[in-house]
Amino acid sequence: MRRFLMSLLVLMFLTGLLVFGAAGWWLYEPLKLQPQAGNTVVDLEIEPGTPAQRVAHTVAASGVAVEPTLLYAWFRLSGQARQIKAGSYEVTPGTTPRSLLSMLVRGEESLKSVVIVEGWNFRQVRAALQKAEALKPDSATLSAEAIMAQLGKPGVHPEGRFFPDTYTYAKGSSDLAVLKRAARAMDRRLEAAWSLREADSPLKTPDQALILASIIEKETGKPTDRPEIGGVFTNRLRIGMLLQTDPTVIYGLGEQFDGNLRRRDLQTDTPYNTYTRGGLPPTPIAMPGKASLMAAVKPAPTKALYFVAKGDGSSQFSETLDDHNRAVNKFQRNK
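Presented here is a report on the structure given in the accompanying data block. (Residues numbered from 1 in each chain as written. Predicted model: local features only at pLDDT ≥ 70, side-chain atom pairs only at ≥ 80, totals over all residues. Heavy atoms only, no water.)

Here we look at the overall build of the protein
As a reminder, the rule being used: Helix and strand assignments come from DSSP, with helices taken as H or I runs of at least 4 residues and strands as E runs of at least 2, each series counted from the N terminus. For this analysis, residues touch if any pair of their heavy atoms sits within 4.5 Å. Throughout, the Shrake-Rupley method with a 1.4 Å probe supplies accessible areas, and for residues the shown protein chains are the sole cover considered. For the charge count, each Lys or Arg is scored as positive and each Asp or Glu as negative, with His and the chain ends excluded. Every charge is mapped to an atom, namely NZ of Lys, CZ of Arg, CG of Asp or CD of Glu.
Helix and strand counts for the protein stand at 13 helices and eight strands. Its C-alpha atoms put the protein at 115 × 40 × 35 Å along the principal axes. Summarising the internal contacts of the protein: among those between residues at least 6 apart in sequence, 63% fall at separations of at least 24. Here the protein displays about 18,800 Å² of accessible surface, and carbon together with sulfur accounts for 52% of that area. Charge centroids of the protein, computed over 41 positive and 33 negative side chains, lie 5 Å from each other.

In structure tokens:
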């Protein structure tokens, strides 16, 4: 009898080792994926409040070849079943049961990104959001005014209010959430820049700084020219000289602009025509980046009142109209 019991204990021990070894092997064995046609990964959506058992079934139903009961048992035995987070995930080739649980517990969601480019206008920002992968187009049917109201900025013109940067988001996120983050980023950047403004700046408000920064952004071909371009416009504002900047005229033409700025366009008065109206236009004309914000509030110390594009991306700066006309003849008219 004692020999029988001893044999039984040995058998149970060996069986336990076998089961333990198999379980250990399974935890590190890559899961077989059955993604939808054209994909190499399995998209996994875990809704808030989903219990661990339902998560295991969702994993299997999404295209991971795994027994849900076994996966759920692993969740429970790990002690982390209640730590699984809701979100959008991508199960990639090579994912094991162990790394899958780690991803779900850490909340390592599958993130996409959209870029807002320096110098873009609001129409271009909206177009980029509409094309962004897996981004919910909640703003698509809203007017610009309605979008700003949704963002907590009722009555604020949208131009210039979104900081150019790369914004990541989880699949299925609202485009309004991305816009809100971009708007907050611009608020922070503008506040920081305004706090560094020159004491004798002709700019009276942060909004004026944002407007000027947007003009500098559109006028700059070579990044290192930004501070001096800011200096030219600051000098003009200080003495009450017309800004006479083409990008504001183009912005005022809107979708009517066909790529060719004509003399009659410069002579046709609009709120954005800085050839016919003094001071700054009523709103920004583009999304300025950090460098343009700084060029607006801390321009280069220069006596220049004019600049002209040299054709290589840089600008020629002049203090007098005669020097400017000579520069125009040289770089624009080849005289």
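There's more to say after this.
Notes on helix α4 (residues 97–106)
Since there are 3.6 residues in each turn of an α-helix, residues three or four apart along the chain are aligned in direction. Our working definition: Per-residue accessibility, obtained with a 1.4 Å probe over protein chains only, is compared with the maximum for each type, and a residue is labelled buried under 20%, exposed over 50%, and partly exposed between these values.
Where α4 is concerned, the buried positions are P97, L100, L101, M103, L104 and V105. Immediately downstream of α4, the backbone of G107 shows phi near 70 degrees, a positive value.

Considering the pairing of strand β8 (residues 315–318)
So the rule is basically this: Two strands qualify as a pair provided that DSSP identifies no fewer than 2 bridges between them.
Looking at chain direction, strand β7 (residues 306–309) and β8 are connected through four bridges and run antiparallel. Residue F307 lies in a different strand from β8, and its bridge partner there is F317. If you look at the hairpin formed by β7 and β8, you'll find five residues sitting between the two strands, and G311 has a positive phi there, around 95 degrees.

A few points about unusual backbone geometry
Of note in the backbone geometry, A134 takes a positive phi value of approximately 60 degrees without being a glycine. Unlike most non-glycine residues, Q244 shows phi in positive territory, near 45 degrees. For Q244, the location among the structural elements is in the loop between α9 (226–239) and α10 (246–253). For Q244, a relative accessible area of 36% corresponds to the partly exposed category.

A word on the packing of helix α8 (residues 206–219) against helix α12 (residues 290–297)
Put simply, the test is: Whenever a helix is involved, its axis is fitted only over the stretch in contact; in every case the axis is a line through C-alpha atoms, and angles between N-to-C directions fall within 0 to 180 degrees. Any angle from 65 to 115 degrees is called roughly perpendicular, while one under 35 is roughly parallel, one over 145 is roughly antiparallel, and all others are oblique. The hand of a helix crossing depends on one turn: near helix anticlockwise from the far one by less than a right angle means left-handed, and clockwise means right-handed. All amino acids are sorted into three groups, where Ala, Val, Leu, Ile, Met, Phe, Trp, Tyr, Cys and Pro are nonpolar, Asp, Glu, Lys and Arg are charged, and the leftover types, Gly among them, are polar.
Running from N to C, α8 and α12 point in directions that differ by 120 degrees, and their axes come no closer than 8 Å. When the axis of α8 is compared with that of α12, the two are oblique. Regarding α8 and α12, the two cross each other, and that crossing is right-handed. Judged by residue contacts, A209, L210, L212, A213, I216 and E217 of α8 engage S292, L293, A295, A296 and V297 from α12. Within the contact of α8 with α12, the residues separate by chemical class into nine nonpolar, one polar and one charged.

Looking at the environment of S214
Which entries qualify depends on this criterion: Polar contacts, as used here, are pairs of N or O atoms within 3.5 Å; protein pairs need one atom able to donate a hydrogen and one able to accept it. Residues neighboring in sequence count only if both atoms are side-chain atoms.
Mapped onto the elements, S214 comes out in helix α8. Each C-alpha atom, one on S214 and one on G160, is 6.8 Å from the other, the two residues being 54 residues apart in sequence. Each residue touching S214, except ones within four places of it in the same chain, is listed here: P284, I285, A286 and P288. At 2.6 Å, the side chain of S214 forms a polar contact with the backbone oxygen of I211.

Some words on helix α3 (residues 68–78)
Operational definition: Picture the helix axis, draw a direction to every C-beta atom, and the arc is the one those directions span.
Residues of α3 that are buried: P68, L71, W74 and F75. Seen end-on, α3 carries its buried residues on one side only, within an arc spanning 120 degrees. In α3, the exposed positions angled more than 90 degrees off the buried face are occupied by T69, R76 and L77. Immediately downstream of α3, the backbone of G79 shows phi near 80 degrees, a positive value.

Points about the packing of α8 against α9
At their nearest, the axes of α8 and α9 sit 10 Å apart, and the two run at 130 degrees to each other. Considering the angle they form, α8 stands oblique to α9. The interaxial crossing formed by α8 with α9 has right-handed handedness. Contact with α8, carried on its side by L212, I215, I216, E217 and E219, involves R226, I229, G230, F233, T234 and L237 of α9 and no other residues of that element. Considering only residue class, the contact of α8 with α9 consists of six nonpolar, two polar and three charged.

A few points about a positive patch on the surface
Note the following rule: Like charges are joined within 9 Å and nonpolar side chains (Val, Leu, Ile, Met, Phe, Trp, Tyr) within 5 Å, but only among residues with over 30% relative accessible area and no salt bridge; these make up the patches. For salt bridges, the criterion is a side-chain nitrogen of Lys or Arg within 4 Å of an Asp or Glu carboxyl oxygen.
Judged by side-chain charge, K180, R184, R188, R189 and K290 come together as a positively charged surface patch. Here R188 lies in helix α7 (residues 175–194). Owing to a relative accessible area of 53%, R188 belongs among the exposed residues under this scheme.

Here we look at the packing of aromatic side chains
For the record, the criterion: Side-chain rings of Phe, Tyr and Trp, where Trp is taken by its six-membered ring, are said to pair if the distance between their centres is within 6.5 Å; with planes under 30 degrees apart they count as stacked, over 60 as edge-to-face, and otherwise as tilted.
Under the defined criterion, the tally for this structure stands at four aromatic pairs. Judged by centre distance (5.7 Å) and plane angle (85 degrees), the rings of F233 and F307 are edge-to-face. Placement of F233 in helix α9 and of F307 in strand β7 is noted, with a sequence separation of 74 residues between them. Across this residue pair, the class does not change: F233 and F307 are buried. Between Y251 and Y272, the aromatic rings sit 5.0 Å apart at their centres with planes inclined by 65 degrees, giving edge-to-face as the arrangement. A residue pair is termed long-range when its members are at least 10 positions apart, and Y251 in helix α10 and Y272 in the loop between α11 (263–267) and α12 qualify at 21 residues. Accessibility expressed as a relative area gives 18% for Y251, which makes it buried. The class for Y272 is buried, based on a relative accessible area of 11%.

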